[in-house]
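Results of the structural survey
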Amino acid sequence: MNKELREFRRLERLCLEQAALSTMDLARSGLLKVADDCRIAAEAIEAQSPRGAFADAVQALKLALSPTRVSNRY
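Summarised in this report is the structure supplied together with it.

How each quantity is defined
Residues numbered from 1 in each chain as written. Predicted model: local features only at pLDDT ≥ 70, side-chain atom pairs only at ≥ 80, totals over all residues. Heavy atoms only, no water. Salt bridge = Lys/Arg side-chain N within 4 Å of Asp/Glu carboxyl O. Helix = DSSP H or I, 4+ residues; strand = E, 2+ residues; numbered from the N terminus. Buried < 20%, exposed > 50% of the residue type's maximum accessible area, 1.4 Å probe, protein only. Disulfide = S-S within 2.5 Å. Polar contact = N/O pair within 3.5 Å; in protein donor to acceptor, adjacent residues only side chain to side chain. Contact = heavy atoms within 4.5 Å.

Topic: the pattern of salt bridges
- In the structure shown here, the tally under the stated rule is six salt bridges.
- Linking Glu43 and Arg39 is a salt bridge whose minimum nitrogen-to-oxygen distance equals 3.0 Å. With a gap of four residues between them, Glu43 and Arg39 both fall in helix 2 (residues 25–47), about one helical turn apart.
- Residue class for Glu43 comes out partly exposed when judged on its relative accessible area of 36%.
- Taking relative accessible area as the criterion, Arg39 reaches 27% and is therefore assigned partly exposed.
- Overlapping salt bridges bring together Arg9, Glu12 and Glu46 as one network.

Digging into the state of the cysteines
- According to the stated counting rule, one finds zero disulfides in the structure shown.
- A disulfide-free cysteine, Cys38 has its sulfur positioned 5.4 Å from the sulfur of Cys15, the nearest such atom.

Description of the side chain of Glu12
- As for its placement among the helices and strands, Glu12 is situated in helix 1 (residues 2–21).
- Of the residues examined, Glu12 reaches a relative accessible area of 13% and is grouped as buried.
- Within the structure, Glu12 has its side chain in polar contact with the side chain of Arg9 (distance 3.0 Å).
- Residue contacts for Glu12: discarding those within four places in its chain leaves Ala35, Cys38 and Arg39.

None of this, on its own, says anything about what the molecule does.
Here it is in structure tokens:
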């Protein structure tokens, strides 16, 4: 669990750093979305018990990346 959590947090930081350096709005927007998805996956890992945490984190990431993702705009 800790390995997966660290990896999602590392990817989140990397995407945020690259977004800050990006000169293109589309690239910056995409990187920020991926960083947000990594944060969601990491939070899902943190919220779960040690058993099955990786499977739950993968499921959370799949949901976060799915094209039918629920918008918070309503």
